[in-house]
Amino acid sequence: MAEYTLNSAAVTHVRALIDARQYVLDSDWGEVQPDAAAQNAYLEGHPWSDYASWHLGLTVGASDETKARYAFVAGDFRRVHRSALIACVYRASEWRHKDVELAAHDLLQHLDRVSG
């Protein structure tokens, strides 16, 4: 099983997007999460640091500037998705990545407070 560390820069980025009301409250994450083509398209127009800012987890041992380095995506590269945060909480909890789980949970609670 992979080991992850928390990507604090992504937590800050996602929180800022929530505060700016750049979120989707109702979506089917299985249908809207970025697939490989969407990730590649995003990387064609953005630096790796922007790509990283959407991922709450960093894979320990994976090289920077590779897709394998980044895990637990929180949105569709435009907006945060509530369903993505739920998926992050669930997956991180399932595999006992506590720092990522708690950060995703805190972001989900923040989103729910902001969206009222």
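Everything below is about the structure printed above this text.
Counting of residues starts from 1 at the beginning of each chain's written sequence and follows it residue by residue. Local features in a predicted model are, by the rule used here, given only for residues with pLDDT of at least 70; side-chain atom pairs are given and counted only at 80 or more, and totals for whole chains, interfaces and linings are based on all residues. Excluded from the side-chain calculation are hydrogens and water; included are all heavy atoms of the structure.

Quick look at the nonpolar core
In step 1: Within this scheme, the nonpolar core is defined by two criteria: the residues are buried Ala, Val, Leu, Ile, Met, Phe, Trp, Tyr or Cys, and they are joined through side-chain atoms within 4.5 Å. Note on classification: 1.4 Å probe, protein chains only; a residue is buried when its accessible area is under 20% of the maximum for its type, exposed when over 50%, partly exposed between these limits. One finds I18, L56, V80 and L85 to be the most contacted residues of the largest nonpolar core, which totals 32 residues.
In step 2: For this core, the leading source of residues is helix 6 (residues 98-115), giving six residues.
In step 3: Discounting chain neighbours no more than four positions away, the residues touching I18 are Y23, V80, L85, L107, H110, L111 and V114. For the purposes of this entry, the term helix denotes a DSSP run of H or I that reaches at least four residues, the term strand denotes a run of E that reaches at least two, and both are numbered from the N terminus. Throughout, a contact is declared for two residues whenever any of their heavy atoms are within 4.5 Å.

Observations concerning the environment of A41
In step 1: Here A41 is to be found in helix 3 (residues 36-45).
In step 2: Among the residues examined, A41 registers a relative accessible area of 47% and is labelled partly exposed.
In step 3: With 31 residues separating them in the primary sequence, A41 and F72 have C-alpha atoms 19 Å apart.

A word on the pattern of salt bridges
In step 1: The rule for a salt bridge is simple: a side-chain nitrogen of Lys or Arg has to be within 4 Å of a carboxyl oxygen of Asp or Glu. Under the defined criterion, the tally for this structure stands at four salt bridges.
In step 2: Two residues, D64 and R69, come together in a salt bridge whose shortest N-O distance is 2.9 Å.
In step 3: Classification of D64 as exposed rests on a relative accessible area of 54%.
In step 4: The salt bridge partner of E101 is K98, with a shortest N-O separation of 3.2 Å. Of this pair, E101 and K98 both sit in helix 6, separated by three residues, roughly a single helical turn.
In step 5: With relative accessibility at 48%, the residue K98 sits in the partly exposed group.

Description of the layout of surface pockets
In step 1: The definitions used throughout rest on a 1 Å grid laid over the protein atoms alone, on which a cavity is an enclosed set of points accommodating a 1.4 Å probe that cannot get out and a pocket is an open set flanked by protein within 12 Å on both sides along at least five of seven lines; lining residues are those having an atom within 4 Å of a point. Grid points are joined across faces, edges and corners, and a volume is the space filled by probe spheres set on the points. Looking at the largest pocket, its volume works out to about 170 Å³.
In step 2: Around the largest pocket sit 15 residues that line it, and Q33, Q39, F72, V73 and R91 are the ones nearest its centre.
In step 3: Sorting the residues of the lining of the largest pocket by element identifies strand 4 (70-73) and helix 5 (82-94) as the ones contributing at least two each.
In step 4: Top contributing element to the lining of the largest pocket by residue count: helix 5, with four residues.
In step 5: For this classification, Asp, Glu, Lys and Arg are treated as charged, while Ala, Val, Leu, Ile, Met, Phe, Trp, Tyr, Cys and Pro are nonpolar and the rest, including Gly, are polar. Taken together, the residues that form the lining of the largest pocket break down as 10 nonpolar, three polar and two charged.

Quick word on unusual backbone geometry
In step 1: Its identity as a non-glycine residue notwithstanding, R21 has a phi of 60 degrees, on the positive side.
In step 2: Phi at F72 takes a positive value of approximately 65 degrees, unusual for a residue other than glycine.
In step 3: Tracing the backbone through its elements, the reader meets F72 in strand 4.
In step 4: Under the relative-accessibility criterion, F72 is labelled buried at 3%.

Here's the deal with helix 1 (residues 8-19)
In step 1: For a helix, the expected span equals 1.5 Å multiplied by the number of residues minus one. Compared with the 16 Å implied by 1.5 Å per residue over 12 residues, the 17 Å span of helix 1 between its first and last C-alpha is a close match.
In step 2: Positive phi shows up at R21, right after helix 1, with a value of about 60 degrees.

Details of the packing of aromatic side chains
In step 1: Here a Phe, Tyr or Trp ring, Trp counted by its six-membered ring, pairs with any other such ring whose centre lies within 6.5 Å, and the pair is stacked when the planes are under 30 degrees apart, edge-to-face when over 60, and tilted otherwise. Applying the stated criterion across every chain yields a total of seven aromatic pairs.
In step 2: Measuring from ring centre to ring centre gives 4.3 Å for Y42 and F77, while their planes differ by 20 degrees; the resulting arrangement is stacked. Placement of Y42 in helix 3 and of F77 in the loop between strand 4 and strand 5 (80-81) is noted, with a sequence separation of 35 residues between them.
In step 3: Classification of Y42 as buried rests on a relative accessible area of 11%.
In step 4: Classification of F77 by relative accessible area gives buried; the value is 10%.
In step 5: Feature note: the residues Y42, W48, Y51, W54, Y70 and F77 constitute an aromatic cluster, connected by ring pairs.

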